[in-house]
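This is what each chain is made of:
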Amino acid sequence: LSTDAALSRMMFRQSWPHIGASTISRCCSPAPRNRLIAFFVEIAREHEISYFSHMTTNGYLLTDELAQRLLAAEITDFQITLDGLAEEHDRMRPARDGSGTFDVIYRNLVSLSQRSEDYSVVIRVNFTSENAPLLQPMLEKLQAAFAGDSRFTISFHSVGRWGGEAALVGDDRSGASAWPRRRVR
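Residues numbered from 1 in each chain as written. Predicted model: local features only at pLDDT ≥ 70, side-chain atom pairs only at ≥ 80, totals over all residues. Heavy atoms only, no water.

**Side note on helix 6 (residues 135–146)**
Moving on, step 1. For helix 6, spanning 12 residues, the distance from its first C-alpha to its last is 16 Å, which sits close to the expected 16 Å at 1.5 Å a residue.
Moving on, step 2. Within the span of helix 6, buried status applies to Leu135, Met138, Leu139, Leu142 and Phe146. Take helix 6 and look down its axis: the buried residues cluster within an arc of 100°, on one side only.
Moving on, step 3. Against helix 5 (102–113), strand 4 (120–127) and strand 5 (152–158) lie the buried residues of helix 6. (Helix = DSSP H or I, 4+ residues; strand = E, 2+ residues; numbered from the N terminus. Expected span 1.5 Å × (residues − 1). Buried < 20%, exposed > 50% of the residue type's maximum accessible area, 1.4 Å probe, protein only. Arc of directions from axis to C-beta. Contact = heavy atoms within 4.5 Å.)

Below is the structure:
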């Protein structure tokens with residue numbers, strides 16, 4: 001480990017919570033043999049390296065209990081995707097059994113907002129030419145829940161087609177894919 005290093009980053013991707021949740025929980029465990037994250041934090045501090053951790057997750061298992069463990073383990077930066085309100089989101093991101101996921105994820109986000117710890121959440125909104133006109137009610141819902149909480153940011157991303165000449169779904173000449181990341185106001 002070089003003492004010249006300016007930044008140490010740790011990233012967790014938990015897209016499929018039924019696969020990754022137990023691993024993340026073990027990494028955050030207070031049991032000495034499972035304290036992987038604590039080990040990284042300790043090494044970073046010992047070498048005066050700035051430590052940063054990020055988790056990309058669908059948020060489905062980000063319960064208050066898991067949030068407490070993650071924040072205690074210094075995982076303080078999250079990206080969670082919502083693709084519209086329940087009907088649209090659930091069509092795009094159903095649970096394994098086909099049931100909806102929006103209500104659980106939204107409830108977990110609201111619960112997270114009630115915490116006092118310092119953390120940040122980017123709510124990633126994926127859009128297509130089909131769902132873009134339906135996003136206004138979702139944005140109003142997010143504004144009502146998270147306005148004034150600077151820990152929450154919304155980031156818009158156009159959905160791409162990765163296999164052909166048409167790089168984006170719909171007509172991207174509108175500049176919609178360049179919508180900036182914005183704080184919920």
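**Description of a nonpolar patch on the surface**
Moving on, step 1. A surface patch of nonpolar side chains, amounting to about 270 Å² of accessible area, comprises Leu36, Phe39 and Phe40.
Moving on, step 2. Secondary-structure assignment places Leu36 in helix 2 (residues 36–46). (Patch = residues over 30% accessible without salt bridge, like charges linked within 9 Å, V, L, I, M, F, W, Y side chains within 5 Å. Areas by Shrake-Rupley, 256 points an atom, 1.4 Å probe, with all protein chains shown as cover. Salt bridge = Lys/Arg side-chain N within 4 Å of Asp/Glu carboxyl O.)

**Considerations on helix 2**
In an α-helix there are 3.6 residues to a turn, and that puts residues three or four apart on one side.
Moving on, step 1. If you check which residues of helix 2 are buried, you get Ile37, Val41 and Ala44. Taken down its axis, helix 2 places every buried residue within 65° of arc, on the same side. Turned more than 90 degrees away from the buried face of helix 2, the exposed residues are Glu42 and Glu46.
Moving on, step 2. The first or second residue beyond helix 2 is Glu48, which carries a positive phi of 55°.

**Overview of the nonpolar core**
Moving on, step 1. One finds Phe78, Leu82, Leu109, Val121, Ile123 and Leu142 to be the most contacted residues of the largest nonpolar core, which totals 34 residues.
Moving on, step 2. When contributions to this core are tallied by element, the ones reaching two or more residues are helix 2, strand 2 (50–57), helix 3 (64–72), strand 3 (77–81), helix 5, strand 4, helix 6 and strand 5. (Core = buried A, V, L, I, M, F, W, Y, C linked by side-chain atoms within 4.5 Å.)

**Digging into the pattern of salt bridges**
Moving on, step 1. On inspection of all chains with the given rule, the structure shows 6 salt bridges.
Moving on, step 2. As a salt-bridge pair, Arg115 and Asp64 come within 2.7 Å of each other at their nearest N and O atoms. Of this pair, Arg115 sits in the loop between helix 5 and strand 4 while Asp64 sits in helix 3, placing them 51 residues apart in sequence.
Moving on, step 3. Judged by its relative accessible area of 36%, Asp64 falls in the partly exposed class.
Moving on, step 4. Asp83 is the partner of Arg93 in a salt bridge, and the nearest nitrogen-oxygen pair spans 2.6 Å.

**Looking at the side chain of Arg151**
Moving on, step 1. Along the polypeptide, Arg151 turns up in the loop between helix 6 and strand 5.
Moving on, step 2. Polar side-chain contacts of Arg151 include one of 2.9 Å to the backbone oxygen of Glu117.
Moving on, step 3. Among the polar contacts listed, one links the side chain of Arg151 to the side chain of Asp149, at a separation of 2.8 Å. (Polar contact = N/O pair within 3.5 Å; in protein donor to acceptor, adjacent residues only side chain to side chain.)

**Some points on the packing of helix 5 against helix 6**
Moving on, step 1. Put simply, helix 5 and helix 6 touch, their axes get as near as 10 Å, and they point 30° apart. Taken together, the axes of helix 5 and helix 6 are roughly parallel relative to one another. Seen along the crossing, helix 5 lies across helix 6 with a hand that is right-handed. Facing Phe102, Tyr106, Leu109, Val110 and Ser113 of helix 5, the residues of helix 6 in contact are Lys141, Leu142, Ala145 and Phe146.
Moving on, step 2. Residues of the contact of helix 5 with helix 6, tallied by class, amount to 7 nonpolar, 1 polar and 1 charged. (Axes fitted to C-alpha atoms, helices over the stretch in contact; angles between N-to-C directions. Parallel < 35°, antiparallel > 145°, perpendicular 65-115°, else oblique. Left-handed = near helix turned anticlockwise from the far one by under 90°. Nonpolar A, V, L, I, M, F, W, Y, C, P; charged D, E, K, R; others polar.)

**Quick look at the side chain of Arg115**
Moving on, step 1. Given a relative accessible area of 13%, Arg115 falls into the buried group.
Moving on, step 2. Only 2.9 Å separates the side chain of Arg115 from the side chain of Glu117, close enough to count as a polar contact.
Moving on, step 3. Dropping the residues within four chain positions of it, Arg115 is found in contact with Asp64, Ala67, Gln68, Leu71 and Arg151.

**Focus on the environment of Ala86**
Moving on, step 1. Within the element layout of this structure, Ala86 appears in helix 4 (residues 86–92).
Moving on, step 2. A relative accessible area of 24% places Ala86 in the partly exposed class.
Moving on, step 3. On a C-alpha basis, the gap between Ala86 and Asp103 in space is 6.7 Å, while along the polypeptide they are 17 residues apart.
Moving on, step 4. Sequence-distant contacts of Ala86, defined by excluding residues within four places in its chain, comprise Arg91, Phe102 and Asp103.

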